[in-house]
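Fold and contact review
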Amino acid sequence: MKIGVLKPWLFVFPALFIYIAVIFIPTLYTLYLSFFNWNGVAPTKTFVGLSNYTDLLLHDSVFPRAVANNLLWTLGSLTIIMGIGLMLAILLNQKLKGRIVFRGIFYFPYVLSGVIVATIWTWMYNPMQGLFNKALELIGLGSWAQAWLAEPKFALYAVFVAAIWNGVGQPMVLFLAGLQTIPQDPYEAATIDGAKPRQMFWFITVPLLRETFVIVVAITMVSSMKVYDLIYAMTGGGPAESTHVLASWMYIQTFKFANIGTGSAISMFLVLITLVIIIPYVYYTTKKSHL
Amino acid sequence: MEQRVHPISKALKYVLIVVLAAIFLLPVLFIAFTALKSSSDLLTRPFYMFPEKLQWHNFVQAWEQGRMSMYMKNTALIALVKVPLGILIEALAAFALTRLAFKGSEWLFALFLIGMMVPMQATLVPLNMILNKLGLVDTYPGIILIYLGFGIPFGILILRGFFRTIPKEIDEAALIDGCGVMGKFFKIIIPLSMPAIATLFIFDFMATWNEFLLAQIFITKDSMRTITTGLLAFRGQYSANYPLMNAGVLISVVPVLIVYVAFQKYFVSGLAGSVKG
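Conventions and cut-offs
Residue positions are given per chain, counting from 1 as you read along its sequence in written order. Whichever chain is written first becomes A and whichever ligand is written first becomes 1, with later ones labelled in order. Two thresholds apply to this predicted model, a pLDDT of at least 70 for residue-level local features and 80 or more for giving and counting side-chain atom pairs, whereas whole-chain, interface and lining totals are computed over all residues. UniProt positions are given in the numbering used here, feature names are shortened, and annotations may be inferred rather than shown by experiment. A run of H or I in DSSP counts as a helix once it spans at least four residues, and a run of E counts as a strand once it spans at least two, with each numbered from the N terminus. Our exposure labels follow a C-beta count within 10 Å of each residue's own C-beta, placed from the backbone: buried means 20 or more other C-beta atoms, exposed means 12 or fewer, and partly exposed covers the counts in between. Whether two residues are in contact is decided by their C-beta atoms, placed from the backbone, lying within 7 Å. Gly is placed with the polar residues, together with every amino acid not listed as nonpolar (Ala, Val, Leu, Ile, Met, Phe, Trp, Tyr, Cys and Pro) or charged (Asp, Glu, Lys and Arg). To get the bend at a given residue, fit one axis to the seven residues ending there, fit another to the seven starting there, and take the angle between those axes. Bear in mind that the domain bounds are from an automatic or database domain assignment. Among buried residues, those of type Ala, Val, Leu, Ile, Met, Phe, Trp, Tyr and Cys that are joined through C-beta atoms within 7 Å form a set called a nonpolar core.

Per an unreviewed UniProt entry, the recorded name for chain B is Raffinose/stachyose/melibiose transport system permease protein, and the organism is Paenibacillus algorifonticola. Turning to chain B, the UniProt annotation filed under Sequence similarities (unreviewed entry) states: "Belongs to the binding-protein-dependent transport system permease family."

An unreviewed UniProt entry annotates chain A as Raffinose/stachyose/melibiose transport system permease protein originating from Paenibacillus algorifonticola. The UniProt entry for chain A carries this comment under Sequence similarities (unreviewed entry): "Belongs to the binding-protein-dependent transport system permease family."

Structure follows, in C-alpha cells:
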C-alpha cells in the first residue's frame, strides 16, 4: 500500500526535481535578491527593501522606455502579426494550388533562431550596401535612405519589421488549425440567407475561432513580454538605449553593470506581468481539460 | 471550410499570396546573392543582379574561419543528449499525471504549466550561482541540466495531452495480461505515443538548436559555443566582410532548412496539437 501511494511520485520525481531546481527555486531566489544591493561577487549583500523597485520606477532613465517598448511590441504583435497570420490562414484555408508550399514559405522564418533572423535583417538594413537603401536609391528615393538601426526614431520599428517576418507563421498555423475545426453548415445556411463574405467572416468565422483567439492572444502577449534575442542581436538596446525592452535591460543591469538587485527587480516585473497575463489562461486550460 | 468564391476574387487572392510569398523569400535571396559575390562585385554590381562569378569559396572560408563545424557539432551534441533524456523524464511525469491518478495531480500539472511562462531572466543569477557551486559553469552537463528544466513544462503539456487520448481500456487489458506499471509505460504507452514523441523531438531539437540567452550566459568558452552564440561571434569578427558573413548565415540556415523540409508536417501538427491540450 505504501509503495502504491509513492509510485506516482517516483514517476514524477525526475521532472519535478529538475523543474524545481532550475525554474522554481531560482525564481524565488531572484525575488529575494531584488530586495538587496549586490554586485554579484562581494561577500555581503545590503538589504534595501523595495528601493530597487522604486528606483526603477522613479529614477531609472531607461526602465520606462523599456516598459513602453514592451507595450508597443505587444500592441504591434496583437494587431499586425496576429492580423497577417489570420489573413494568411484564411487565404490558405481555401483550395489554392500549392498551398502547402505557401504555408511552408510563411512558416519557415519562424523556425530560424533569433540570431539568424537578426543577422539577415541587420544586413538588409545596412546603410551602405543593404537592400532597403539600395532599393530606395533604385526607385529614386535615395534621400529617404537611413541608417535604420542607428536612428532612434526608426530603430525599434525596423526591428519589429524583422519580427513580423520572423513571427507571422505561428499565428497562421494556429489559426489554420482552428479554421479546420469549423463546420461547413453555418456558411451554407448564411449563403442561403444572402450573407456577404464580410458578414460571414465577422459573424461566423470570428466567433467560432474564439478558442484559437484565446490561445494566440495569450502566446503572443507572453512572447512579446519576453522578446530578447532579436533586439539584443540587432541593436543591443541602442541607439541611445531607445530599443531596450525589459529583458534586454535586465541583461545589461545584471551582467554589464553588475547591479544584481536592479536586474532582479526588472525580472520580477517581467514575472509579474507574465503571470497576470497567464494565470487566467492556465486556469481556463486546466478547467477545460476536466470536461 | 471551403467557400465558393467568385473567380476574379479567387485570382486576386492568388496574386496576393504569390506577392506576399515573394516578399517573404526576398531576404533569403538577398543573403544568397551577397554570399556568392566577391567583395568588389558587391560594390560595383547592382544588388539585384546575379553575381558576376559565383564565389563558392566564400562558403568554404566561412565554414573554416567561422568554425561553423565546431559550433554545429557542439550544438548537436547538446541537443542529442538533452532531447531524448528530456522526453523520457517528461513522459514519466505525464504518465503519472494521466495514468496513476493521485491527490494533487491537477495542481502539479498547473505548477508545471506556469513554468512555461516564467521568463528565463528571472532564473539567470541564481542558476549561475548554483552552477558555480557545482563547478558546472562552462560545461555541457551544466547547460544540459538547465535546458532540461526549461523544456519540462512544454514536454509535459504535449505528452499529457496525447496520453489522455489513449483509451484506458488498452491499459486495463495490459494489466490483465500481467504487465506491471513499468511494462505498461514502456510496452503500451510509449509505442502508442510515437507520433507525439516524434513531434516533440523535432520541436525540442529546434528549440535547443536555436536557444540563445542561456547559451550566451552559461557558455563563455569559444571552443564550447553553440551555433547561435558562435554565429554572433563570427558576425562580430567579420562584420566588414559582407559576403563572408552572409555565407556564414546561410551555412547556419541549411541544417534548419533540411530538418524543416523533411519534417514539415510535424511542425504544423505539433504546434496545433500543443494548444488542443
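1. As for the overall build of chain A
The helix and strand inventory of chain A stands at 14 helices and 2 strands. With the principal axes as the frame, chain A shows a C-alpha extent of 75 × 75 × 30 Å. Buried positions account for 42% of the 291 residues belonging to chain A. Taking contacts inside chain A between residues at least 6 apart in sequence as the whole, the part at least 24 apart equals 69%.

2. A word on the interface of chain A and chain B
With 71 residues of chain A at the contact, the number on the chain B side is 72 residues. Per-element accounting of the side of chain A that touches chain B gives the leading share, 16 residues, to helix α1 (residues 2-33) of chain A. In the side of chain A that touches chain B, the residues fall into 49 nonpolar, 17 polar and 5 charged.

3. Quick word on the UniProt feature "domain: ABC transmembrane type-1" (unreviewed entry) in chain B
Per the UniProt annotation, the sites labelled "domain: ABC transmembrane type-1" (unreviewed entry) are residues 72-263 of chain B. With 78% helix and 0% strand, residues 72-263 of chain B has end C-alpha atoms that lie 20 Å from one another.

4. A few points about helix α7 (residues 140-163) of chain B
Of all the bends in α7 of chain B, the largest measures some 40° and sits at I152 of chain B, one to four residues before the proline P153 of chain B. The element α7 of chain B is extensively covered by neighbouring structure, given that 21 of its 24 residues are classed as buried.

5. Quick notes on the domain arrangement of chain B
Domain boundaries assigned for chain B yield domain 1 (7-60) and domain 2 (67-237). Placing a centre on the C-alpha atoms of domain 1 of chain B and another on those of domain 2 of chain B gives a separation of 37 Å.

6. Considering the UniProt feature "transmembrane region" (unreviewed entry) in chain B
Residue and element names in this part refer to chain B. Cross-referencing UniProt, the feature "transmembrane region" (unreviewed entry) maps to residues 12-36, 76-97, 109-131, 143-163, 184-203 and 244-263 in the present numbering. For residues 184-203, the end-to-end C-alpha separation is 26 Å, with 95% helix and 0% strand making up the annotated structure. Within the segment residues 244-263, helix and strand shares are 95% and 0% respectively, and the terminal C-alpha atoms sit 29 Å apart.

7. Description of the nonpolar core
Of all hydrophobic cores here, the largest spans 158 residues; its most connected members are V159 and L230 of chain A. At 15 residues, the largest contribution of residues to this core is made by α7 of chain B. Two domains each put at least three residues into this core: domain 1 (7-60) and domain 2 (67-237) of chain B. Once you skip the residues sitting within four places of it in the chain, L230 of chain A turns out to touch G114, V117, A118, V159, A162, A163 and N166 of chain A.

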